[in-house]
Amino acid sequence: MNIENPDYRLIQFLADLEEEAVLKLVREKINDGKDPLQILEDCNEGMKIVGQRYERGEYYIAGLIMSGEVFREVVELIQPLMVKKTEIKSSGRVMMGTVSGDIHDIGKNMAGMLLSCYGFKVIDLGVDVLPAEFAAKAVEVKPDIVGLSGLITASFEMMKQTISALRTEAENHQLTFPIIIGGGMIDEQVCRYVGADYWSKDAMAGVRLCQSLMADRS
Ligand code: B12
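Residues numbered from 1 in each chain as written. Predicted model: local features only at pLDDT ≥ 70, side-chain atom pairs only at ≥ 80, totals over all residues. Heavy atoms only, no water.

Q: Can you lay out the packing of helix α6 (residues 131-141) against helix α7 (residues 154-172) for me, pointing to particular residues and giving the numbers?
A: As a packed pair, α6 and α7 sit with axes 8 Å apart at the nearest point and diverge in direction by 30°. The orientation of α6 with respect to α7, classified from their angle, is roughly parallel. The interaxial crossing formed by α6 with α7 has right-handed handedness. Each of P131, F134, A135, A138 and V139 in α6 lies in contact with α7, whose residues at this interface are M158, Q161, T162, A165, L166 and E169. By residue class, the composition of the contact of α6 with α7 is eight nonpolar, two polar and one charged. (Axes fitted to C-alpha atoms, helices over the stretch in contact; angles between N-to-C directions. Helix = DSSP H or I, 4+ residues; strand = E, 2+ residues; numbered from the N terminus. Parallel < 35°, antiparallel > 145°, perpendicular 65-115°, else oblique. Left-handed = near helix turned anticlockwise from the far one by under 90°. Contact = heavy atoms within 4.5 Å. Nonpolar A, V, L, I, M, F, W, Y, C, P; charged D, E, K, R; others polar.)

Encoded structure:
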């Protein structure tokens with residue numbers, strides 16, 4: 001995704017938790033045929049400001065909850081456009097979930113929604129998923145790619161444990177699948193620490209990565 005043409009009004013409305021103003025502006029943008037990905041990206045920028053305000057003690061947990069609710073409503077408005085936007089054909093199977101101890105799912109759901117739009121079959125295990133659950137499900141569904149999401153620092157350790165469990169089961173059952181990690185605080189260093197194959201902090205970049213991984217497999 002890019003932020004070449006950010007709409008600072010939308011970013012600001014979301015940062016200020018102005019629910020009605022956000023939804024009104026998003027509806028206007030949809031009616032004007034604006035790029036739905038750009039709308040999501042602007043909202044994502046607003047969420048980052050919410051996080052910063054929370055860190056500075058300007059917002060409390062209620063602010064985080066509220067921002068999540070507003071973002072969910074925006075996704076509801078955007079989702080029908082995304083389905084119509086792309087042709088549906090099977091591109092591969094991606095199993096994904098948020099690791100144990102972490103209940104953030106907005107980014108994971110967004111990545112899953114985009115992957116579905118681009119023809120991937122998404123097996124979503126939900127949030128707070130234990131390493132053993134990931135591993136058992138991988139044996140059952142034999143995914144082409146596994147995506148782990150995590151937004152809090154504590155998730156890094158869980159990603160590490162989850163990846164270790166997944167690799168053990170993959171070896172026992174002769175499965176091969178690359179593992180991608182995603183989330184706002186992920187970087188190359190985290191990727192190396194947890195032992196993932198790839199990382200992405202952008203859902204659309206994640207889709208492109210999955211497309212290129214599938215191309216390499218065929
Ligand atoms: C909304 C929110 C919440 C909501 C979540 C609602 C929900 N259903 O998800 C609620 C209120 C539940 C919440 C709770 C908490 N939160 Co919170 N939360 C946020 C907030 C403001 C926004 C997160 C978000 O949804 N962003 C929008 C999405 C679209 O962005 P994203 O998740 O990064 O996803 C993008 C990419 O990362 C990528 N992506 C994500 N996953 C994946 C996976 C794959 C495979 C791929 C390819 C891509 C991908 O795609 C997305 C789009 O590009 C962030 C601040 C921030 N900006 O990150 C804090 C934040 C993550 N929370 C934080 C904290 C501290 C908490 C709590 C501990 C607060 C508390 N005291 O209880 C709890 C933790 C609960 C738990 N155990 O998980 C901190 C974490 C800090 C840290 N270092 O650990 C943050 C960073 C705020 C801050 N700056 O302090 N939170």
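Q: Now, about the site of the ligand: what can you tell me, with residues and values included?
A: Near the ligand, the surroundings consist of 37 residues, among which E55, H104, D105, S149 and T153 are the closest. Within the backbone of A203, a nitrogen or oxygen atom sits 2.9 Å from an oxygen atom of the ligand. The biggest single contributor to the shell around the ligand is helix α3 (residues 36-55), with seven residues. For the shell around the ligand, the per-class residue count stands at 17 nonpolar, 13 polar and seven charged. (Near = heavy atom within 4 Å. Polar contact = N/O pair within 3.5 Å; in protein donor to acceptor, adjacent residues only side chain to side chain.)

Q: With reference to specific residues and values, describe the coordination of the cobalt atom of the ligand.
A: For the cobalt atom of the ligand, the protein supplies a single donor, H104 (NE2), at a distance of 2.3 Å. Summarising the element assignment, H104 is placed in the loop between β1 (92-98) and α5 (106-117). (Donors = N, O, S within 2.8 Å, 3.2 Å for Na, K, Ca; no water.)

Q: So what's going on with the packing of aromatic side chains? Which residues, and what values?
A: Enumeration over the complete set of coordinates arrives at zero aromatic pairs. Against the face of Y193 rests K160, its NZ or CZ located 4.2 Å from the ring centre. (Phe/Tyr/Trp six-rings, centres within 6.5 Å; stacked < 30°, edge-to-face > 60°. Lys NZ or Arg CZ within 6 Å of the ring centre and 35° of its normal.)

Q: Explain α5 residue by residue, including any values.
A: Its 12 residues give α5 an end-to-end C-alpha distance of 16 Å, which sits within 8% of 16 Å, the value for a rise of 1.5 Å per residue. Within α5, burial applies to K108, M110, A111, G112, M113, L114, L115 and C117. At the C-terminal side of α5, G119 shows a positive phi close to 90°. (Expected span 1.5 Å × (residues − 1). Buried < 20%, exposed > 50% of the residue type's maximum accessible area, 1.4 Å probe, protein only.)

Q: Any details on the side chain of T98? Residues and values, ideally.
A: For T98, the location among the structural elements is in strand β1. Here the side chain of T98 touches H104 through a polar contact of 3.0 Å, landing on its backbone oxygen. With near-sequence residues (within four places) excluded, T98 lies in contact with H104, D105, K108, G126, V127, D128, V129, F134 and S149.

Q: Give me the lowdown on the pairing of β1, citing residues and values where you can.
A: With six of seven residues buried, β1 is to be regarded as a mostly interior element. Once you follow β1 into α5 and on to strand β2 (residues 120-124), the crossover reads as right-handed. Examined bridge by bridge, β1 and strand β3 (residues 145-149) share five bridges and lie parallel to one another. Looking at β3, one finds that M95 is bridged to V146. (Right-handed = clockwise from strand over helix to strand, strands pointing away. Pairing = 2+ DSSP bridges.)

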